[in-house]
Amino acid sequence: MALTQYDYIINVTEIPALPSGQRFAAKVASVCKYAGSQAEEITTQFHEHWGHTSSDARSKAEREVDGWIAVQQVQARGLA
């Protein structure tokens, strides 16, 4: 059985520096699920992640959405 494919968009914005020095915020803006020829936009809530650099903030958001996708794929295979 082929795994469902997912694609996502992460928005990164510069924010006023936090006391910890973090200056960037990243959040998953949208997730799209592709099953065969059908595409479906997924509506779910993700956290805002802060980082000292834009790539730091983006990687934190990517880890969150990648983990969410992994859970969806496990559930789709009936293993959870």
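Structure report, in brief.

Cut-off values and rules
- Residues numbered from 1 in each chain as written.
- Predicted model: local features only at pLDDT ≥ 70, side-chain atom pairs only at ≥ 80, totals over all residues.
- Heavy atoms only, no water.
- Salt bridge = Lys/Arg side-chain N within 4 Å of Asp/Glu carboxyl O.
- Helix = DSSP H or I, 4+ residues; strand = E, 2+ residues; numbered from the N terminus.
- Buried < 20%, exposed > 50% of the residue type's maximum accessible area, 1.4 Å probe, protein only.
- Core = buried A, V, L, I, M, F, W, Y, C linked by side-chain atoms within 4.5 Å.
- Contact = heavy atoms within 4.5 Å.

Scanning the entire structure with this criterion turns up two salt bridges. Taking the shortest distance from any N to any O, the salt bridge between K60 and D56 comes out at 3.8 Å. Residue K60 and its partner D56 are both found in helix α1 (residues 54-76); the two are separated by four residues, about one turn of the helix. Overall, the relative accessible area of 24% leaves D56 in the partly exposed class.

Okay, the environment of I9 next. Relative to the assigned elements, I9 resides in strand β1 (residues 5-14). Overall, the relative accessible area of 48% leaves I9 in the partly exposed class. Linking I9 and E62, residues 53 residues apart in sequence, is a C-alpha distance of 9.4 Å.

Turning our attention to the nonpolar core. Counting 13 residues, the largest nonpolar core has V28, V31, F46, V65 and W68 as the members making the most contacts within it. Taken together, the elements giving at least two residues each to this core come down to β1, β2 (24-35) and α1. A per-element tally of this core places α1 first, with five residues. Among all residues touching V28, those that are not within four sequence positions of it are I9, I10, F46, A61 and V65.

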